[in-house]
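# Geometric and topological summary
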Amino acid sequence: MPRENGTGAKDGEEERMLNGGGLDPSGRGTDGEPTEKDKLAQKEVEVKFIPSQNGDARIDMELESQQALTGMTKEELMKYANDPFWVRLRWLLFVLFWALWGAMLLGSFYIIYDAPKCAAPVPLSWWQEGPLVELDTEQPFADQLPSVERYGAKGVIYRLPADETYLVETAAVEGKLKQLVSTFGTKSVKVVVDITPNYVTKEDALFQEALKQPDSAAHSAFVWREAGLKLPNWLSIAEEGSAWKNASNNQYVLSQFGPDRYDLQLGEPAARDKLKGTLKALLGLGVRGVRLANAKHLLINRDGGDESPMNLEEADKSLTHTDYGFWMHKETTYREGLGELFHELVELVHEQTGGEGFLSVTEDILRPEVFAVNGTLPIDAPLYGNIEFDLREGSGPDVARKLRHDIENVYGTINGYGVVGSAGGSGKPWLQLRYDRASLEHVPASEYTVFHFLLPGVPVFPLEVLTKGNVSSESVESLEKFRTTPSFQHGLFNVYTDANASAIAYTRLKSGNPGYFVVLNLASTEQRTTFDFSGIDGIGSELTVVLTSQNYAVPNVGVKTKVPVDAVPLSPRSALIATYVPTK
């Protein structure tokens, strides 16, 4: 019969459980080993209820440790310590570990060595640091030296009389140039010479040879027409009437630039070699920069016919067929091959000066694509754009907007070209930023200078612009200091107008450096005293003034003053330079 308490325990098990499972009071069994009670006290047990057919249930308790898998003991492992298989495996893993470690180390060295290098910014050349000042040819060089030094000019520009271009190796001209280089060389100021290479005078040896030897290379250096044949309608630039002159050999020769001046065809080897000889002579005397006048006229179509009138949209309605400006001059200007010619000349200058010298022009090139060769513009410091002429227009309602458009267009065009050879550290042509006394009709000299000096390029102006414009040497010194900073030499350039498009501003910024903010108020009346430039991305909320122009007259605003970017205070026709910490 089943037990009434329903435990289902076997006979004797209940008694054993109540009596401690046969343990003695010390917790040990009769044989001295740990008892079940001792084991249960220290280890978990698994309890199983096993039913039987007669309704009883049997309880089965097993220690968990008896079911868990355990690792090998040290004694068991040591049995395999010297087993050949495990010895070889250990050595293989040891060698693989260090081989992989060494490979990763060598790989890291290779990655560092072979990774694309971030080229260090190349410092600007002396002529890019600027400014370059044009000397007064009527005053002795020595008299102008103090002013040149006071304004920190890096180079001076001397305009050689046009008829002396191919007389550089004569005693008189050579002596003058030596004196020029010597005078300014004492103050480490470089010399730049302007020459007019596209014609010679009637006394020139090459022209005399051409007259005497019709079949010579010298004869091919000029543009001729046979007597008795109809002459093309090419007009003289320097005087009224035809550009064709009757020479003593009974032929007509092209003479666009005045009496007894005969155009060279620089596409011919004899003419080109003559120009190269002059460049070498100048550089040999210590000249370190050369600017060429009449660049668009250097190549001529010797077989060209009549010129066509200007398009009606482009023509000046006040001109007639007797005026030079009435015609398009496709046969004598902007001819194909100008780029190759300049490329050859600029490489010569770089080679002769070890990359120190530069080759440029004296007039706006107008059509840079004509001078381009394989994506490069072989003119180290081109003159291009309408910035100067926009500033001459005064303070009209749309001047700031038009000036911004033209500045963006100028730099967008020029930055599309590379440079030739080693001259120029920026990798892009370096614009000439020219202005003279005529440029200052509406914008005074101080304001013009403050606005121009931090534009990408080199300021070029006559010395009298500063001396007669009462521009202080201290302000120019500050501007030159700003030009040495990374934000100017290697930074980004962006141009803006204020919220009402009445003032023009631009920024110069290189990551990790303070940015420069330059602003010019073109208005001549008190229409607005503060200007909102808060729309400039990343400029921050306030600016720190570092320089003001001569006309700046806002009370309580000067150097080190902080001004809000959404209310920049400006006097009429004044300029200001400030620094800022970019927000991103």
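Each residue is numbered by its place in its chain's sequence as written, counting from 1. Thresholds applied to this predicted model are a pLDDT of at least 70 for local features of residues and 80 or more for the giving and counting of side-chain atom pairs; totals over whole chains, interfaces and linings are not thresholded and use all residues. Note: side-chain values were computed over all heavy atoms of the structure, leaving out hydrogens and water.

For the protein, the name recorded in an unreviewed UniProt entry is alpha-glucosidase, with Anopheles epiroticus as its organism. UniProt positions are given in the numbering used here, feature names are shortened, and annotations may be inferred rather than shown by experiment. The UniProt entry for the protein carries the following text under Catalytic activity (unreviewed entry): "Hydrolysis of terminal, non-reducing (1->4)-linked alpha-D-glucose residues with release of alpha-D-glucose."

## Quick notes on the pairing of strand β5 (residues 190-195)
If a strand is regular, its side chains alternate between the two faces of the sheet. The buried fraction of β5 amounts to five of the six residues, a majority that puts the element mostly inside the structure. Relative to β5, strand β4 (residues 155-159) runs parallel, the two being bridged by five bridges. Bridged to Tyr158 within β5 is Val193. A crossover connection joins β4 to the parallel β5 through helix α7 (residues 171-185); in handedness this β-α-β unit is right-handed. Each pair of strands is called paired provided DSSP finds at least two bridges between the two strands. Counting from the N terminus, the helices are DSSP H or I runs at least four residues long and the strands are E runs at least two residues long. Both β5 and strand β11 (residues 289-292) contribute to a ladder of four bridges, which runs parallel. Bridge pairing in β11 links Asp194 to Arg291. A 1.4 Å probe rolled over the protein chains alone gives each residue an accessible area, and that area as a share of the maximum for its type sets the label: buried under 20%, exposed over 50%, partly exposed in between. With the strands aimed away from the viewer, a crossover counts as right-handed if its path from the first strand over the helix to the second runs clockwise.

## Thoughts on the sheet that holds strand β7 (residues 224-226)
One open sheet holds the three strands; their spatial order is β7-β9-β8, and the pairing between them is antiparallel. Edge positions in the sheet fall to β7 and β8 (244-246), since each of these pairs with one other strand and no more. Pairs of neighbouring strands in the sheet enclose a mean axial angle of 30°, with direction left out of account. Strand direction decides the pairing type here: β8 and strand β9 (residues 251-254), joined by three bridges, are antiparallel. Considered in β9, the bridge of Asn246 is made with Tyr252. Helix axes use the C-alpha atoms of the stretch in contact, all axes being lines fitted to C-alpha atoms, and the angles between their N-to-C directions lie in the range 0 to 180 degrees.

## Concerning the pattern of salt bridges
The term salt bridge refers to a pairing of a side-chain nitrogen on Lys or Arg with a carboxyl oxygen on Asp or Glu at a separation within 4 Å. A complete count under the given rule lists 25 salt bridges for this structure. The shortest N-O distance in the salt bridge between Lys274 and Asp204 comes to 3.1 Å. Taken together, the residues span a long stretch of sequence, with Lys274 in helix α10 (residues 269-284) and Asp204 in the loop between β6 (199-201) and α8 (205-212) at a distance of 70 residues. The shortest N-O distance in the salt bridge between Lys276 and Glu344 comes to 2.1 Å. You can see Lys276 sitting in helix α10 and its partner Glu344 sitting in helix α11 (residues 338-353), a full 68 residues away along the chain.

## Thoughts on helix α6 (residues 141-150)
Owing to its 3.6 residues per turn, the α-helix aligns residues three or four sequence positions apart on the same side. Where α6 is concerned, the buried positions are Phe141, Gln144, Leu145, Ser147 and Val148. The first or second residue beyond α6 is Gly152, which carries a positive phi of 65°.

## What about the nonpolar core?
Membership of the largest hydrophobic core comes to 119 residues, with the highest contact counts inside it found for Leu177, Phe184, Phe222, Phe371 and Phe451. Buried Ala, Val, Leu, Ile, Met, Phe, Trp, Tyr and Cys residues that are joined via side-chain atoms within 4.5 Å together make up what is termed a nonpolar core. Counting residues in each nonpolar core, the second largest holds 21 residues, with Ile539, Tyr552, Val565 and Val568 among its members.

## Concerning the packing of α10 against α11
Orientation of α10 relative to α11, taken along the N-to-C sense of each, is 25°, at an axis distance of 10 Å. Relative to α11, the element α10 lies roughly parallel. As for how α10 packs across α11, the hand of that crossing is right-handed. Contacts between α10 and α11 involve Arg272, Leu275, Lys276, Leu279, Lys280 and Leu283 from the former and Leu341, Glu344, Leu345, Leu348, Val349, Gln352 and Thr353 from the latter. Taken together, the residues that form the contact of α10 with α11 break down as seven nonpolar, two polar and four charged. For this classification, under 35 degrees means roughly parallel, over 145 means roughly antiparallel, 65 to 115 means roughly perpendicular, and everything else is oblique. For a crossing to be left-handed, the near helix must be turned anticlockwise from the far one by less than a right angle; the clockwise case is right-handed. What makes two residues a contact is simply this: any of their non-hydrogen atoms within 4.5 Å. Under the grouping applied here, Gly and all other residues not named as nonpolar or charged are polar, the nonpolar ones being Ala, Val, Leu, Ile, Met, Phe, Trp, Tyr, Cys and Pro and the charged ones Asp, Glu, Lys and Arg.

## Topic: the side chain of Thr332
Here Thr332 is to be found in the loop between β11 and α11. Since its relative accessible area comes to 2%, Thr332 is described here as buried. Apart from the residues within four sequence positions on either side, Thr332 is in contact with Trp234, Gln256, Lys296, His297, Leu299, Ile300 and Glu307.

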